Amino acid sequence: MDKLHTLYYFLDLAGTFVFAISGAAAAKQRGLDLFGICSIAFIVACGGGIMRDLCIGAIPPAGLTNWYYLVAAIIAAGITIGLYPYVQRLNQPVIFFDALGLSLFAVTGAQKSLAYGHNAEVAVLLGITTAVGGGVLRDILLNRVPIILEKEIYASAALTGALIVVAGNYFKWLSTDWISIIALIVCFGLRLLALRYHWNLPVYSNDKTEPEL
């Protein structure tokens, strides 16, 4: 745990906050009540991190034992509700904050896995899990097809960010803080560019026609 530096905790709380905004905004768009909005905000903010912590043996998970995460999620939900007209002015606010949270959690998920002594493969996989887990739970609870199952560059962006963290830790070209910042920028930039220019993964359709009855 000594390997977890100050920037890690800042990025992790920042990811919690922005993911909570994306969850609260999505829940408000669906017309949920106050409890529903706060619940979705917390699940999106902490769901991926809880799954990661259970996998690496960090029990009980930080999202359940550290009150900072709950407070960050509730404050984000309150800001979203109170300032929703301003949040709406952002171009597709759920997508924007989701992309930012994805990037932050891809970095911190890989970092924490490495700090607990796991190998590069585990760090990359759990970086992705941390990044996409909350969003998947949000979409399932709101009865939407999870973004990770669609053709968009989503998990691939998280994979890129986690790979940069792992490679930086292995080769030690730069300090941990700089590697984290670079991974964050690349992941976030890739996700936004994919949205802007409609970069998608290949989709394989079923060309077979149903037999006529």
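Residues numbered from 1 in each chain as written. Predicted model: local features only at pLDDT ≥ 70, side-chain atom pairs only at ≥ 80, totals over all residues. Heavy atoms only, no water.

Caption draft 1: Molecular detail of the overall build of the protein chain. Secondary structure assignment for the protein chain yields nine helices and zero strands. Each helix and strand of the protein chain, placed in order from N terminus to C terminus, yields the pattern α-α-α-α-α-α-α-α-α. Rg of the C-alpha trace for the protein chain: 18 Å, near the compact-globule value of 17 Å for 213 residues, within the 12% margin. Taking the principal axes of the C-alpha coordinates as reference, the protein chain spans close to 65 × 45 × 30 Å. The burial tally for the protein chain puts 46% of its 213 residues in the buried class. Taking the intrachain contacts of the protein chain between residues at least 6 apart in sequence as the baseline, contacts between residues at least 24 apart amount to 74%. Per element, the accessible surface of the protein chain, about 11,400 Å² overall, is 65% carbon and sulfur. Measuring between centres, the 13 positive side-chain charges of the protein chain sit 6 Å from its 13 negative side-chain charges. (Helix = DSSP H or I, 4+ residues; strand = E, 2+ residues; numbered from the N terminus. Rg over C-alpha atoms; globule rule 2.2 N^0.38 Å. Buried < 20%, exposed > 50% of the residue type's maximum accessible area, 1.4 Å probe, protein only. Contact = heavy atoms within 4.5 Å. Areas by Shrake-Rupley, 256 points an atom, 1.4 Å probe, with all protein chains shown as cover. Lys, Arg positive; Asp, Glu negative; His and termini not counted. Charge placed at Lys NZ, Arg CZ, Asp CG, Glu CD.)

Caption draft 2: A look at the packing of helix α1 (residues 6-29) against helix α4 (residues 67-82). Interaxial distance between α1 and α4 falls to 8 Å at its minimum, and their mutual angle equals 40 degrees. Taken together, the axes of α1 and α4 are oblique relative to one another. Read as a crossing pair, α1 and α4 show a hand that is right-handed. Counting all contacts with α1, which are made through Asp12, Leu13, Thr16, Phe17, Ala20, Ile21, Ala24, Ala25 and Lys28, the residues of α4 involved are Tyr68, Tyr69, Ala72, Ala73, Ile75, Ala76, Ala77, Ile79, Thr80 and Ile81. Among the residues making up the contact of α1 with α4, the classes are represented as 15 nonpolar, two polar and two charged. (Axes fitted to C-alpha atoms, helices over the stretch in contact; angles between N-to-C directions. Parallel < 35°, antiparallel > 145°, perpendicular 65-115°, else oblique. Left-handed = near helix turned anticlockwise from the far one by under 90°. Nonpolar A, V, L, I, M, F, W, Y, C, P; charged D, E, K, R; others polar.)

Caption draft 3: Main features of helix α9 (residues 176-197). Between its first and last C-alpha, α9 extends 31 Å over 22 residues, near the 32 Å set by a 1.5 Å rise per residue. If you check which residues of α9 are buried, you get Ile179, Ser180, Ala183, Leu184, Cys187, Phe188, Arg191 and Ala194. Projected down its long axis, α9 shows its buried positions confined to an angular sector of 150 degrees, all on one face. Among the exposed residues of α9, those oriented more than 90 degrees off its buried face are Trp178, Ile185 and Arg196. Where α9 ends, the next residue or the one after it, His198, has phi of about 60 degrees, a positive value. (Expected span 1.5 Å × (residues − 1). Arc of directions from axis to C-beta.)

Caption draft 4: Spatial organisation of α1. With 24 residues, α1 extends 35 Å between its outermost C-alpha atoms, agreeing within 8% with the 34 Å of an ideal straight helix rising 1.5 Å per residue. Gly31 sits one or two positions beyond α1 and adopts a positive phi of about 80 degrees.

Caption draft 5: Quick look at empty space enclosed by the protein. Under the definition given, this model contains one cavity of 30 Å³ or more. Of the volumes computed, that of the largest cavity is approximately 90 Å³. Every residue lining the largest cavity is counted, 13 residues in all, and those nearest its centre are Asp12, Cys46, Gly49, Arg52 and Tyr69. Going through the elements one at a time, α1, α2 (34-56) and α3 (62-65) are the ones with two or more residues in the lining of the largest cavity. Among the elements that line the lining of the largest cavity, the one with the most residues is α2, at six residues. Taken together, the residues of the lining of the largest cavity sort by class into six nonpolar, four polar and three charged. (1 Å grid on protein atoms, 1.4 Å probe; cavity = no way out; pocket = protein on both sides within 12 Å on 5 of 7 lines; lining within 4 Å. Points joined across faces, edges and corners; volume = space filled by probe spheres on them.)

Caption draft 6: Representation of the nonpolar core. Ranked by internal contacts, the top residues of the largest apolar core, which has 52 residues, are Leu102 and Ala131. At the level of elements, α1, α2, α4, α6 (93-115), α7 (120-141), α8 (155-171) and α9 are the ones that each hand at least two residues to this core. Here this core takes ten residues from α1, the largest share from any one element. Here Ala131 is in contact with Phe19, Leu102, Phe105, Ala106, Tyr154 and Ala158, once residues within four sequence places are set aside. (Core = buried A, V, L, I, M, F, W, Y, C linked by side-chain atoms within 4.5 Å.)

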